[in-house]
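Spelled out from the first residue to the last, the chains are:
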Amino acid sequence: MICSSSKVRSRWRPVLILLICLWPCLAAAESEMKRFVNSLGMEFVQIPAGAFTMGSPADEPHRSDNEREHPVLIDKPFYLQNSEVTLGQWQAMMGSGFFLRWLGDKTLPATKISWFDACKFIQKLNAMGKGTYRLPTEAEWEYAARAGTRSAYPWGDRIDCSRAMYAGSYYGESGCMEQRPGLRTSQESPAPIKSFGPNAWGLYDMHGNVWEWVQDWFGPYPKTRQINPQGPVSGKDRVRRGGSWFGPGFACRSANRAHAHPASRLHTTGFRLVFTPEP
């Protein structure tokens, strides 16, 4: 039996009208699900699940032997802060009792933060009872930094001074200092967050500005495929990622790894967080 097209149109017309009316609200709800802002103004974006090759190929310039390529699966989406934790956000939660190198602009990333200090910040956030915060794993960090790319940097295999905050120190690497005359920075400091464009997943300063602590102990990579790897179960140093304003551009490569004792308070190092909403 063939239904009358006029009857079908008549039957579904109220539903179609309702969907058309509700579409802006549904689209806004979908957009809101992919972005979260907490009471401190920390912004998080949803990173999709997916697989990638962690590490760097043997012919990538400046690679290290500790960057052995291996396949990794991140099997669930997660919310990653779209910038480094700022001085303003740090002080709002921790007060001014912690000595910080940068005491001015609240939009600068918080630095001289040890891995243990970052954990104290996280404990205070979690005590608020509005979801769970943690440091990203090293695999989550690299996956998010790459944003679906395979090149040394998310924009390609060459870095330049317009892409990230690096080589900006008279006492460290200085190659970019004369090429950023309009950048709002204090002498010998990182740039305010979001001074450079985001990657394809809406994340700022994954490359350069300040090194970022991650969850993992530093150690050699496994040789086999990994699902949501957590890194070694013990170690001496914790991993830092991303490069900094003080160092060279090649340190900002997506695969580059650095490490330091978790009690180290370095003027080039800060952090960003992962957020898990309440069920």
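Going by the structure above, here's the rest.
Residues numbered from 1 in each chain as written. Predicted model: local features only at pLDDT ≥ 70, side-chain atom pairs only at ≥ 80, totals over all residues. Heavy atoms only, no water.

Chemist: Explain the overall build of the protein here, please?
Modeler: What the protein contains, in helices and strands, is four helices and 12 strands. Taking all 279 residues of the protein together, 46% fall into the buried category. Long-range contacts, defined here as pairs at least 24 residues apart, represent 70% of the contacts in the protein between residues at least 6 apart. Carbon and sulfur atoms make up 57% of the accessible area of the protein, which amounts to about 14,200 Å² in all. (Helix = DSSP H or I, 4+ residues; strand = E, 2+ residues; numbered from the N terminus. Buried < 20%, exposed > 50% of the residue type's maximum accessible area, 1.4 Å probe, protein only. Contact = heavy atoms within 4.5 Å. Areas by Shrake-Rupley, 256 points an atom, 1.4 Å probe, with all protein chains shown as cover.)

Chemist: What is the right way to look at the state of the cysteines in this model?
Modeler: Each disulfide is one covalent bond, formed between the sulfur atoms of two cysteines. Under the criterion given, the structure shown has one disulfide. Cys252 takes part in no disulfide bond, and the closest cysteine sulfur, belonging to Cys176, lies 9.1 Å away. Take Cys252: its relative accessible area is 0%, and that puts it in the buried class. (Disulfide = S-S within 2.5 Å.)

Chemist: Sorry, what's going on with the pattern of salt bridges here?
Modeler: Side chains that carry opposite charge are capable of pairing whenever their charged atoms lie near each other. Overall, the coordinates contain 13 salt bridges when judged by the stated rule. The residue Arg241 makes a salt bridge to Glu138 at a minimum N-O spacing of 3.0 Å. Linking Arg241 in strand S9 (residues 238-241) with Glu138 in helix H4 (residues 138-146), this pair joins segments that are 103 residues apart in sequence. On the basis of relative accessibility, which here comes to 0%, the residue Arg241 falls in the buried class. Glu142 is paired through a salt bridge with Arg146; the nearest N and O atoms lie 3.0 Å apart. Of this pair, Glu142 and Arg146 both sit in helix H4, four residues apart, roughly one helical turn. For Glu142, a relative accessible area of 0% gives the class buried. Judged by its relative accessible area of 4%, Arg146 falls in the buried class. Taken together, the shared-partner salt bridges connect Glu138, Glu142, Arg146, Arg241 and Arg257 into one network. (Salt bridge = Lys/Arg side-chain N within 4 Å of Asp/Glu carboxyl O.)

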